[in-house]
Amino acid sequence: MLIITDHASFVVPPQRAVWVPAGVEHEAYMRGHVSIRTLYVSENAVAGLSSSCHVIEVSDLLRELIIEACQIPVEYDVDGRDGRVMDLILTELNSMPRTPLHVPMPRNERLVRVCTAILRDPAQNDALDEWAESAGMGRRTFTRTFRRETGISFAAWRQNVRLMEALSRLALGQSVTAVAFDVGYTSSSAFTAMFRRTFGVAPTRYLRKHEHPDLGTAA
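Before going into details, it helps to say that this report is about the structure given with it. Along each chain, the written sequence defines residue order, and numbers are assigned to residues from 1. Residue-level local features of this predicted model are given only where pLDDT is at least 70; pairs of side-chain atoms are given and counted only at 80 or more, and the full residue set underlies all totals for whole chains, interfaces and linings. Heavy atoms throughout the structure, all of them, feed into the side-chain values; hydrogens and water do not.

### Quick notes on the packing of aromatic side chains
Working definition: a ring pair exists when centres of Phe, Tyr or Trp rings (six-membered ring for Trp) sit within 6.5 Å. Plane angles under 30 degrees give stacked, over 60 give edge-to-face, the rest tilted. The tally for this structure, following the rule as stated, stands at six aromatic pairs. For the pair Phe 142 and Phe 146, a centre-to-centre distance of 6.1 Å together with 25° between the ring planes defines the contact as stacked. Placement of the pair is Phe 142 and Phe 146 together in helix 5 (residues 139–150), with a separation of four residues, close to one helical turn. Exposure class is identical for Phe 142 and Phe 146. Each is buried. Measuring from centroid to centroid gives 5.2 Å for Phe 142 and Phe 154, while their planes differ by 75°, and the two rings are edge-to-face. In this pair, Phe 142 sits in helix 5 while Phe 154 sits in helix 6 (residues 154–171), placing the two residues 12 residues apart along the sequence. Taken as a pair, Phe 142 and Phe 154 share a single burial class, namely buried. Grouping aromatic residues by their ring pairs yields a cluster made of Phe 142, Phe 146, Phe 154 and Trp 157. Runs of E in the DSSP output that reach at least two residues are strands. Runs of H or I that reach at least four are helices, and both are numbered from the N terminus. Relative accessible area decides the class of each residue, using a 1.4 Å probe on protein chains only: under 20% of the type maximum gives buried, over 50% gives exposed, and in between gives partly exposed.

As structure tokens, then:
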């Protein structure tokens with residue numbers, strides 16, 4: 001699943017969730033068959049809820065709690081067993097580690113057009129000068145403005161987009177070789193090396209560690 005807000009874009013592989021605070025406009029895109037569970041949390045339900053979007057891990061405990069919550073009536077006893085299940089979900093949400101599966105989005109409209117084009121097709125291999133020209137900027141202005149508005153270089157941003165796209169495709173069962181070429185790498189070994197540097201493990205091992213056979217969870 002891909003979530004896009006005004007400030008960032010997030011990829012949500014299986015066994016992950018994305019936290020979206022109240023009032024944040026966002027778009028959601030699914031690839032293939034996706035099974036999700038959506039939690040709606042009142043802003044004053046618990047102290048410490050994050051005010052920014054981010055992707056989090058979903059532990060086995062949190063996953064089972066969410067599944068159980070789906071069986072609880074809309075009007076439940078907040079002081080009874082059902083209420084304790086809901087309270088534990090909120091506690092777990094606040095304790096889940098975050099996963100760096102997002103890229104920041106610039107505010108400059110010309111840069112937004114460039115970023116949107118790359119998000120739609122991460123395999124594009126246009127040179128930096130070509131992207132700067134398409135934005136109507138000189139190379140130096142383009143790079144400086146991009147870093148100022150996103151906090152990272154254009155090259156790093158595009159690499160992160162490719163890794164996000166790769167995770168989405170790998171989660172659908174596509175082969176490492178096919179994914180490598182589809183996201184713009186010249187060989188599967190180059191892609192695997194980049195993936196390993198970013199996530200610490202090879203693509204196939206990463207998926208075996210994190211995927212679950214029957215549920216992708218989103219909150």
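### With respect to the pairing of strand 5 (residues 54–57)
Both faces of strand 5 are covered, namely the face carrying His 54 and Ile 56 and the face carrying Val 55 and Glu 57. A strand pair is defined by DSSP finding two or more bridges across the two strands. Looking at chain direction, strand 3 (residues 16–19) and strand 5 are connected through four bridges and run antiparallel. Among the inter-strand pairings, Val 18 is bridged to a residue of strand 5, identified as Val 55. As judged from the two bridges shared by strand 5 and strand 6 (residues 98–99), these two strands associate in the antiparallel manner. Residue Ile 56 lies in a different strand from strand 6, and its bridge partner there is Arg 98.

### Some thoughts on a nonpolar patch on the surface
Together, Met 30, Val 34 and Ile 36 give the surface a local cluster of nonpolar side chains, amounting to about 210 Å² of exposed area. Assignment of secondary structure puts Val 34 in the loop between strand 4 (27–29) and strand 5. Classification of Val 34 as partly exposed rests on a relative accessible area of 33%. Excluding any residue in a salt bridge, patches collect residues exceeding 30% relative accessible area, merging like charges within 9 Å and nonpolar Val, Leu, Ile, Met, Phe, Trp and Tyr side chains within 5 Å. Accessible surface area values rest on a Shrake-Rupley calculation with a 1.4 Å probe, where residue burial reflects the displayed protein chains alone. What counts as a salt bridge is simple: a side-chain nitrogen of Lys or Arg found within 4 Å of a carboxyl oxygen of Asp or Glu.

### A closer look at the sheet that holds strand 6
Here three strands make up an open sheet; going across it, the order is 3-5-6 and the pairing antiparallel. What marks the edges here is a single partner per strand, and that holds for strand 3 and strand 6.

### Re the sheet that holds strand 2 (residues 8–11)
Spatially, four strands are ordered 4-1-2-7 in an open sheet, and the strand pairing comes out antiparallel. One side of each edge strand has no neighbouring strand; the edge strands of this open sheet are strand 4 and strand 7 (102–104). Across the sheet, the mean angle from the axis of one strand to that of its neighbour is 15°, orientation sign disregarded. In terms of strand pairing, strand 1 (residues 2–4) meets strand 2 through three bridges, oriented antiparallel. Counterpart to Leu 2 in the pairing with strand 2 is Val 11. All axes are obtained by fitting lines to C-alpha atoms, using only the stretch in contact for helices, and the reported angles, taken between N-to-C directions, cover 0 to 180 degrees.

### A short note on helix 2 (residues 81–95)
An α-helical segment advances 3.6 residues per turn. Residues three or four places apart therefore align on the same side. Working rule for helices: expected span equals 1.5 Å times residues minus one. Over its 15 residues, helix 2 extends 21 Å from the first C-alpha to the last, a length consistent with the 21 Å expected when each residue adds 1.5 Å. Looking at helix 2, one finds that the buried residues are Asp 82, Gly 83, Val 85, Met 86, Ile 89, Leu 90, Glu 92 and Leu 93. Pairs of residues are marked as contacts when any of their non-hydrogen atoms sit within 4.5 Å. Where the residues of helix 2 are buried, they touch strand 3, strand 5 and helix 1 (60–69).

### Examining the packing of helix 1 against helix 2
Helix 2 packs onto helix 1 with a crossing angle of 140° between their chain directions and a minimal axis gap of 10 Å. One way to sum up the angle between helix 1 and helix 2 is to call them oblique. Here helix 1 and helix 2 pass one another in a crossing that is left-handed. Facing Leu 61, Leu 62, Leu 65, Ile 66, Glu 68 and Ala 69 of helix 1, the residues of helix 2 in contact are Arg 81, Val 85, Met 86, Leu 88, Ile 89, Glu 92 and Leu 93. Under the scheme applied here, ten amino acids are nonpolar (Ala, Val, Leu, Ile, Met, Phe, Trp, Tyr, Cys and Pro), four are charged (Asp, Glu, Lys and Arg), and all others, including Gly, are polar. Split into classes, the residues belonging to the contact of helix 1 with helix 2 amount to 10 nonpolar, no polar and three charged. By definition in this entry, angles of less than 35 degrees are roughly parallel, angles greater than 145 are roughly antiparallel, angles of 65 to 115 are roughly perpendicular, and the rest are oblique. Should the near helix be turned anticlockwise from the far one by less than a right angle, the crossing is left-handed, and should it be turned clockwise, the crossing is right-handed.

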